[in-house]
Amino acid sequence: MPGPTADLFADDALQQPAGREQIGEESYVLRGFALPWIDRMLPELRQVLAQSPFRQMVTPGGFTMSAALSSCGELGWTTDASGYRYSPTDPHSQQPWPAMPNDLRRLAILAAADAGFIDFEPDACLINRYVPGAKMSLHQDKNERRYSAPVVSVSLGLPAIFLFGGHTRSDRPKKVSLFHGDVVVWGGVDRLRFHGVLPIQAGQHPIMGPQRINLTFRTAG
Ligand code: SIN
Ligand code: FE2
């Protein structure tokens, strides 16, 4: 019998759902997991980016990626004409990448544990910046030395539609909306699933402004 309570739940259903959503056998979206960390994370992130600013990289095929990239941690993911790889130094400065800030590392470890991956030891954090229109084509994260550790992905700023595909490029991907503070963790049997991001829609995020920033933590070395 629909009444005021039913209406209340109907309204709730329209809002961002809280908690943990399973999107694969060993993959989860942890809704709002990063929100309590944002105030501590943002100054740390700003320091990292002052040292290693965002830059647009070129794929081995000669395409300039629409997302701008930076990294922190012992290893940073880079691409240029000679290929994709992890490097201990920022190719722009020839200096080591900025250290991975403690709060970022702890957030990634706790998110991994929440999704069932204990003892995550991230040594690489790739930082992607998407302005409206920027996207990430379907790809696998496979430049890491081993695939036993999961990938932990933190979304900040403008929403995105995350594509979570299968093990071949042609598998039809699931579309998962990601919002500020959401964390996606995929590992185990899902570790090599294709994934990507549809072009970001124009907008203004109250904290992050007209952009989306995504952090992906991996164990690369
Ligand atoms: C990535 O796969 O590198 C980024 C995914 C995202 O931006 O959500
Ligand atoms: Fe990726």
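Residues numbered from 1 in each chain as written. Chains lettered and ligands numbered in written order. Predicted model: local features only at pLDDT ≥ 70, side-chain atom pairs only at ≥ 80, totals over all residues.

Caption draft 1: Quick peek at the overall build of the protein chain. Helices and strands together make up the secondary structure of the protein chain, namely 3 helices and 14 strands. The principal-axis extents of the C-alpha atoms in the protein chain amount to approximately 65 × 35 × 35 Å. When burial is assessed residue by residue, the protein chain has 35% of its 221 residues classed as buried. Within the protein chain, contacts between residues at least 6 apart in sequence are counted, and of these 73% link residues at least 24 apart. (Helix = DSSP H or I, 4+ residues; strand = E, 2+ residues; numbered from the N terminus. Buried ≥ 20, exposed ≤ 12 C-beta atoms within 10 Å, placed from the backbone. Contact = placed C-beta atoms within 7 Å.)

Caption draft 2: Summary view of the sheet that holds strand S13 (residues 195-197). Ordered in space as S8-S13-S10-S11, the 4 strands form an open sheet in which the pairing is antiparallel. The open sheet has two edge strands with one neighbour each: strand S8 (136-139) and strand S11 (174-178). Looking at each pair of strands side by side, their axes are set apart by 20° on average, direction ignored. Pairing analysis gives 2 bridges linking S8 to S13, with the strands arranged antiparallel. Bridge pairing in S13 links Met 136 to Val 197. (Pairing = 2+ DSSP bridges. Axes fitted to C-alpha atoms, helices over the stretch in contact; angles between N-to-C directions.)

Caption draft 3: How the structure looks around the site of ligand 1. In the vicinity of ligand 1, the contacting residues are Leu 126, Asn 128, Met 136, Ser 153, Ala 160, Phe 162, His 195, Val 197, Asn 214 and Thr 216. When contributions to the shell around ligand 1 are tallied by element, the ones reaching two or more residues are strand S7 (124-130), strand S10 (160-164), S13 and strand S14 (212-218). Partitioned by chemical class, the residues of the shell around ligand 1 number 5 nonpolar, 5 polar and no charged. (Near = placed C-beta within 6 Å. Nonpolar A, V, L, I, M, F, W, Y, C, P; charged D, E, K, R; others polar.)

Caption draft 4: Inspection of the UniProt feature "binding site: Fe cation" (unreviewed entry) in the protein chain at higher detail. Using the residue numbers shown here, the UniProt feature "binding site: Fe cation" (unreviewed entry) corresponds to His 139, Asp 141 and His 195. Spanning 57 residues, the annotated positions come together in the fold, the maximum distance between their C-alpha atoms being 8.6 Å. When near neighbours in sequence (up to four residues on either side) are disregarded, His 139 contacts Phe 194 and Gly 196. By the C-beta count within 10 Å, which is 25 here, His 195 ends up buried. (UniProt positions renumbered as here; feature names shortened; annotations may be inferred.)

Caption draft 5: Local environment of helix H3 (residues 102-114). Helix length check: H3, at 13 residues, gives a terminal C-alpha distance of 18 Å against a target of 18 Å (1.5 Å per residue), a fit within 8%. For H3, every residue scored as buried is listed here: Leu 104, Leu 107, Ala 108, Ala 111 and Ala 112. All buried residues of H3 fall inside an arc of 130° around its axis, so they share one side. In H3, those exposed residues whose orientation departs by more than 90 degrees from the buried face are Asn 102 and Arg 106. Next to the buried residues of H3 lie strand S2 (27-31), helix H2 (38-51), S7, strand S9 (151-157), strand S12 (183-186) and S14. Immediately downstream of H3, the backbone of Gly 116 shows phi near 100°, a positive value. (Expected span 1.5 Å × (residues − 1). Arc of directions from axis to C-beta.)

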